[in-house]
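This is what each chain is made of:
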Amino acid sequence: MKSYEKYMQKCFEIAKQGLGNVSPNPLVACIVLDKNDNIISTGYHYKYGENHAERDALLKLKNGEEVGGTLIVNLEPCSHYGKTPPCADLIIERGLKKVVIAMQDVNPIVAGNGIKKLKDNGIEVIENVLKEQAEELNEVFIKNMTKKEIFVALKTATTLDGKIATKTGASKWITSENARKKGHELRKIYDAVLTTSATVLADNPKFECKTKILIDRYLKCDFSLDYFKTGKIYVATTIKDLPTPPNNIEFIEYSNLKTLFKQLFEKGIMSVFVEAGGTINGLLLEENLVDKIYQFIAPKIIGDNSAKSAFDGRNITDINKSKNFKIQSVENLEPDILITLKAVQND
Ligand SMILES: NC(=O)c1ccc[n+]([C@@H]2O[C@H](COP(=O)([O-])OP(=O)(O)OC[C@H]3O[C@@H](n4cnc5c(N)ncnc54)[C@H](OP(=O)(O)O)[C@@H]3O)[C@@H](O)[C@H]2O)c1
């Protein structure tokens, strides 16, 4: 078992090349070993609608070197006809002897059927290799499939005392170049970036990304701002009598964050990256809507009670009522750090 972990780790790294391009599909990569355990091919799912990882890797092999070999893949091979034919069938056809898998597919139309098909055809299947890491890699897909809900990642850039701006709203720049560059990279891996009228009016950010969501209950933001110049934009508003928007803008009638997320999911937005201030961050936290936090921390202290905090609005006296998170990683982005955390189920 141990010897397959290094290959599985490599699969995770290769699969990440699909980040930002495969939604609503999972991130998957595959390694093919010949019967002497030499790597003879690799493949990955690089774009929604294109070949799955197993097909990508196997179709690169023309001389039958894979016969009797092993295929390593981070997700159970599919057993159904989707945009491409079943990968399990191709594995059987190509004469592989062994398949090593990190996790079963949570998609109910696969869920164990791919594994069964392989076993029924005499292929040895080794399961659960680095399962926890595989689940982390596909956390968006897993939430989408099992809960039928959007995945919410929240980014915040704070000082050591948890402030995101001074009391006058000055926030440029809390973190340095490296951290901001990383923030831009993270933006691209989610389907859409969500922000608020308060943040757009304070910062006039461009947010270069395909899809944007703006919470602007009373339509305070002027469409001539830079923010509106690129991408498809959903504006969530409570106003009923709405003007005709420019082509790239669509209004969503909005009552609360939970139903807004439901509406966005129904529009095919599988994940959202929140870049807003303490008000919306606090509301999302209170409603247990945050799955993941990227917190950039600069080694600075504002030290002013009235400065804006990253998460506002809670009024608790019992420390046990804090929202809990698990640290997934800590990255040094000289001179700042990035802590990535996932939500622990709160009551
Ligand atoms: N350092 C960072 O990571 C970072 C990131 C983003 C922003 N910022 C800074 O954060 C500051 C803005 O933070 P903020 O806390 O003022 O604003 P915010 O959290 O970005 O947004 C607050 C806005 O949300 C809307 N809203 C929707 N539902 C609401 C509700 N139930 N209750 C209250 N408001 C609701 C309100 O706008 P409407 O009334 O118009 O709907 C309100 O003005 C800016 O200075 C910006 O520079 C920092």
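All chains use their own residue numbering, which begins from 1 and follows the written sequence. Thresholds applied to this predicted model are a pLDDT of at least 70 for local features of residues and 80 or more for the giving and counting of side-chain atom pairs; totals over whole chains, interfaces and linings are not thresholded and use all residues.

Novice: Would you mind going over the overall build of the chain with me for this structure?
Specialist: Assigned secondary structure in the chain consists of 10 helices and 16 strands. For the chain, the spread of C-alpha atoms along the three principal axes comes to 70 × 45 × 40 Å. Residue burial is a threshold on neighbouring C-beta atoms within 10 Å of the residue's own C-beta, all placed from the backbone, with 20 or more meaning buried, 12 or fewer meaning exposed, and counts in between meaning partly exposed. Counting over 347 residues, the chain shows a buried share of 39%. This entry defines residue contacts through backbone-placed C-beta atoms, with two residues in contact when those atoms are within 7 Å. Counted over contacts in the chain with a minimum sequence separation of 6, partners at least 24 positions apart contribute 65%. Strands here mean DSSP runs of E at least two residues long; helices mean DSSP runs of H or I at least four residues long; both are numbered from the N terminus.

Novice: Explain the nonpolar core to me, please; I cannot follow it from the model alone.
Specialist: The nonpolar side chains of a soluble globular protein tend to be buried with one another. If you look at the biggest cluster of nonpolar residues, it comprises 50 residues, and the most contacted ones within it are Ile150, Val152, Ala153, Ile213, Leu264, Val272 and Val274. Put simply, a nonpolar core is buried Ala, Val, Leu, Ile, Met, Phe, Trp, Tyr and Cys residues tied into one set by C-beta atoms within 7 Å. By size, the runner-up hydrophobic cluster in this structure holds 39 residues, among which are Val99, Ile101, Val110 and Leu118.

Novice: Could you clarify how one ought to interpret the sheet that holds strand β4 (residues 98-101) in this entry?
Specialist: Two strands in a sheet stick together by hydrogen bonds in their backbones, pointing the same way (parallel) or opposite ways (antiparallel). Read from one edge of the open sheet, 5 strands run β2-β1-β3-β4-β5, paired in mixed fashion. Edge strands, defined here as strands with exactly one partner in the open sheet, are β2 (39-44) and β5 (124-126). Here the strands of the sheet are splayed against their neighbours by 15° on average, with no regard to which way each runs. Inspection of the sheet shows β4 paired to β5 by 3 bridges, in the parallel sense. Looking at β5, one finds that Lys98 is bridged to Glu124. The rule for pairing is simple: two strands pair if DSSP sees at least two bridges between them. Convention adopted: a line fitted to C-alpha atoms gives each axis, helices being fitted over their contacting stretch, and angles between N-to-C directions are expressed from 0 to 180 degrees.

Novice: Where do I start with helix α10 (residues 278-286) in this structure?
Specialist: Helical geometry note: an α-helix holds 3.6 residues per turn, so side chains three or four residues apart project in the same direction. Within α10 the residues assigned to the buried category are Gly278, Ile280, Asn281, Leu284 and Leu285. Down the axis, α10 shows its buried residues gathered within 165° of arc, on one side only. Following α10 by one or two positions, Asn288 adopts a phi angle in the positive range, close to 55°. The arc in question is the one traced by the directions running from the helix axis out to the C-beta atoms.

Novice: Before we go on, may I ask you to explain the site of the ligand in this structure?
Specialist: Each residue receives a C-beta atom built from its backbone; the residue is near a molecule or strand if that atom lies within 6 Å of it. For the ligand, the set of nearby residues contains 27 residues, the closest of which are Thr196, Ala198, Arg217, Gly277 and Thr279. Put simply, the parts of the chain that give the shell around the ligand at least two residues each are β6 (151-158), β7 (163-165), α8 (197-203) and α10. Tallying contributions element by element places α8 first for the shell around the ligand, with 5 residues. For this classification, the nonpolar set comprises Ala, Val, Leu, Ile, Met, Phe, Trp, Tyr, Cys and Pro, the charged set comprises Asp, Glu, Lys and Arg, and every other residue, Gly included, is treated as polar. Looking at the shell around the ligand residue by residue, the class counts come to 11 nonpolar, 9 polar and 7 charged.

Novice: Please explain the sheet that holds strand β12 (residues 271-274) as it appears in this structure.
Specialist: In space, the 9 strands of this open sheet follow the order β11-β10-β9-β8-β12-β6-β13-β16-β15, with mixed pairing throughout. The outermost strands of the open sheet, each flanked by one partner alone, are β11 (249-253) and β15 (325-333). With direction set aside, neighbouring strand axes in the sheet form an average angle of 20°. Pairing analysis gives 6 bridges linking β6 to strand β13 (residues 292-297), with the strands arranged parallel. Across the sheet, the residue bridging to Thr158 is Ile297, located in β13. Against the sheet, α10 contacts β6, β8 (192-196), β9 (211-215) and β12, and its axis sits at roughly 140° relative to β6.

Novice: Help me understand the pairing of β12 in this model?
Specialist: Of the two faces of β12, both are covered, the one formed by Ser271 and Phe273 as well as the one formed by Val272 and Val274. Looking at chain direction, β6 and β12 are connected through 4 bridges and run parallel. Of the residues in β12, the one forming a bridge with Ala153 is Phe273. For β8 and β12, the ladder comprises 3 bridges, and the chain directions are parallel. Directly across from Leu194, in β12, lies its bridge partner Val274.

Novice: Even after reading the chapter, I still don't get the domain arrangement of the chain, so can you show me in this structure?
Specialist: Interfaces are often sized by the accessible area lost when the parts come together. What counts as a domain boundary in this text is fixed by an automatic or database domain assignment. Domain boundaries in the chain define domain 1 (2-138) and domain 2 (149-343). Relative placement of domain 1 and domain 2: their C-alpha centres are 35 Å apart. Taken together, the contact pairs 5 residues of domain 1 with 6 residues of domain 2. Considered class by class, the residues forming the side of domain 1 that touches domain 2 number 2 nonpolar, 2 polar and 1 charged.

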